[in-house]
Amino acid sequence: MKTVIITGCSSGIGQATAARLARSGEWTVYATARRTETLAELEGAGCRPLALDVTDEASMVAAVDIVKAESGTIDALVNNAGYSQSGASETLDVDDVRRQFETNVFGLLRLSQLVLPSMRAQGDGRIVNISSMGGRLVFPGGGAYHATKYAVEAFSDAMRFEVSGFGIKVIIIEPGLITSNFDQAAVDSMDLDADGPYATFNRTVASATSDIYKGPMRSLGGPPDAVAKVIEKALSARRPRPRYTVTPSAKMSIAGRKLMTDRMWDRAMRTQFPRPHA
């Protein structure tokens, strides 16, 4: 069987992907999270739980070394760990933004660096990076999160070319609205009691985020397993596509943004968000 490491498996897309690949019988699945107690269900499903904190160098090195020692090879890496935060750019705590980049971007890059030597040596491997439709367009109040996903897209595009000559394929997955608790982190990151010029805007962003995930827009989204199914396809296809867009919300939003100029997009956003002003 082939060996895959998946980050961020305590819930959502990571959990669904680990469970799906374990069920297939074709993969030895190392399901990782910062706290292994969150992986009990996946362990029962046949996954191998492994502690891995993508913001900690020693943790990443140790996890990769364990997988190599136990399995001999690393055939695939699914960089899924990530979270969202929201708020007007001027109101963001820069340390919080740094932490988000550590998780969403730098951890992804460093883990890729750690598995690539093994993949190069065997002349084969796949790295699947979980981006977002938010790596192709930007909603007001989402600058920090979108910036991380634009960075994921850039690293993935560069890496795809750089490692292709070694038999390694890099694939981007761009989910849209996923019916999980992903939105809660974005809302929880905002100080909604604060006063100031962005107070109304931030409260509207929080309300709109909750409404999108819990209201009628859910019909344009999909469950975490919809993304897991596409990840499995990307890992098994002989010639995987560079990008897979998942859920109707992602396909519609990305297509719509392509048709709009920047000013047209700004006008469209004004119908959903109050524009902060003096």
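Our subject is the structure that appears above.
All of these numbers come straight from a predicted model, not from anything done at the bench. (Residues numbered from 1 in each chain as written. Predicted model: local features only at pLDDT ≥ 70, side-chain atom pairs only at ≥ 80, totals over all residues. Heavy atoms only, no water.)

### Focus on the overall build of the chain
Looking only at helices and strands, the chain features 10 helices and 7 strands. In terms of overall dimensions, the chain is globule-like: its C-alpha atoms have a radius of gyration of 19 Å, near the 19 Å expected for 278 residues. If one aligns the C-alpha atoms of the chain with their principal axes, the spans along those axes are about 60 × 40 × 30 Å. Within the chain, the proportion of its 278 residues that are buried is 47%. Contacts in the chain between residues far apart in sequence, at least 24 positions, make up 70% of those at least 6 positions apart. Of the roughly 13400 Å² of accessible surface on the chain, a fraction of 52% belongs to carbon and sulfur atoms. With 32 positive and 30 negative side-chain charges, the chain shows a separation of 10 Å between the mean positions of the two kinds. (Helix = DSSP H or I, 4+ residues; strand = E, 2+ residues; numbered from the N terminus. Rg over C-alpha atoms; globule rule 2.2 N^0.38 Å. Buried < 20%, exposed > 50% of the residue type's maximum accessible area, 1.4 Å probe, protein only. Contact = heavy atoms within 4.5 Å. Areas by Shrake-Rupley, 256 points an atom, 1.4 Å probe, with all protein chains shown as cover. Lys, Arg positive; Asp, Glu negative; His and termini not counted. Charge placed at Lys NZ, Arg CZ, Asp CG, Glu CD.)

### Focus on the pairing of strand 4 (residues 76-79)
The side-chain alternation of strand 4 yields two buried faces, one formed by Ala-76 and Val-78 and the other by Leu-77 and Asn-79. Pairing between strand 4 and strand 5 (residues 125-130): 4 bridges, direction parallel. Paired with Asn-79 across the strands is Asn-129, a residue of strand 5. A crossover links strand 4 with its parallel partner strand 5, the connecting element being helix 4 (residues 94-122), and its sense is right-handed. (Pairing = 2+ DSSP bridges. Right-handed = clockwise from strand over helix to strand, strands pointing away.)

### Quick notes on the sheet that holds strand 1 (residues 2-6)
In spatial order, the strands read 3-2-1-4-5-6-7; together these 7 strands make up an open sheet with parallel pairing. Strand pairing shows two members of the sheet lacking a second neighbour, strand 3 (48-51) and strand 7 (243-246), which therefore form its edges. Each strand axis lies, on average, 20 degrees off the axis of its neighbour in the sheet, ignoring direction. Two strands pair when backbone bridges link them, and strand 6 (residues 168-175) and strand 7 are joined in this way by 4 bridges, in the parallel orientation. Residue pairing for strand 7: Ile-172 is matched across the bridge by Arg-243. Running over the sheet, helix 3 (residues 57-71) touches strand 1, strand 2 (27-33) and strand 3 and is turned about 150 degrees from strand 3. (Axes fitted to C-alpha atoms, helices over the stretch in contact; angles between N-to-C directions.)

### So, the packing of aromatic side chains
Applying the stated criterion to the full structure yields 2 aromatic pairs. For the ring pair Phe-139 and Trp-265, a centre distance of 5.9 Å and an interplane angle of 35 degrees mean the geometry is tilted. Separated by 126 residues along the polypeptide, Phe-139 in the loop between strand 5 and helix 5 (143-164) and Trp-265 in helix 10 (residues 262-270) bring together distant segments of the chain. Just above the ring of Phe-166 sits the side chain of Arg-120; from NZ or CZ to the centre is 5.7 Å. (Phe/Tyr/Trp six-rings, centres within 6.5 Å; stacked < 30°, edge-to-face > 60°. Lys NZ or Arg CZ within 6 Å of the ring centre and 35° of its normal.)

### Some words on the pattern of salt bridges
For the structure on display, the rule yields 13 salt bridges. Measuring nitrogen to oxygen at the nearest pair gives 2.8 Å for the salt bridge that ties Glu-174 to Arg-136. Of the two residues, Glu-174 sits in strand 6 while Arg-136 sits in the loop between strand 5 and helix 5, which places them 38 residues apart along the sequence. Accessibility expressed as a relative area gives 0% for Glu-174, which makes it buried. A cluster of three or more residues bridged by salt bridges with shared partners is formed by Arg-136, Glu-153, Asp-157, Arg-160, Glu-174 and Arg-243. (Salt bridge = Lys/Arg side-chain N within 4 Å of Asp/Glu carboxyl O.)

### Here we look at helix 3
For helix 3, built from 15 residues, the straight-helix expectation of 21 Å at 1.5 Å per residue is met to within 8% by its first-to-last C-alpha distance of 21 Å. Ser-59, Met-60, Ala-63, Val-64 and Val-67 are the residues of helix 3 that are buried. The arc that holds the buried residues of helix 3, viewed along the axis, is 125 degrees, so those residues lie on one side. Seen from the open side of helix 3, the exposed residues pointing more than 90 degrees away from its buried face are Ala-58 and Ala-69. Where helix 3 begins, the side chain of Asp-56 points an oxygen toward the backbone nitrogen of Ala-58, at a separation of 3.2 Å. (Expected span 1.5 Å × (residues − 1). Arc of directions from axis to C-beta. Polar contact = N/O pair within 3.5 Å; in protein donor to acceptor, adjacent residues only side chain to side chain.)

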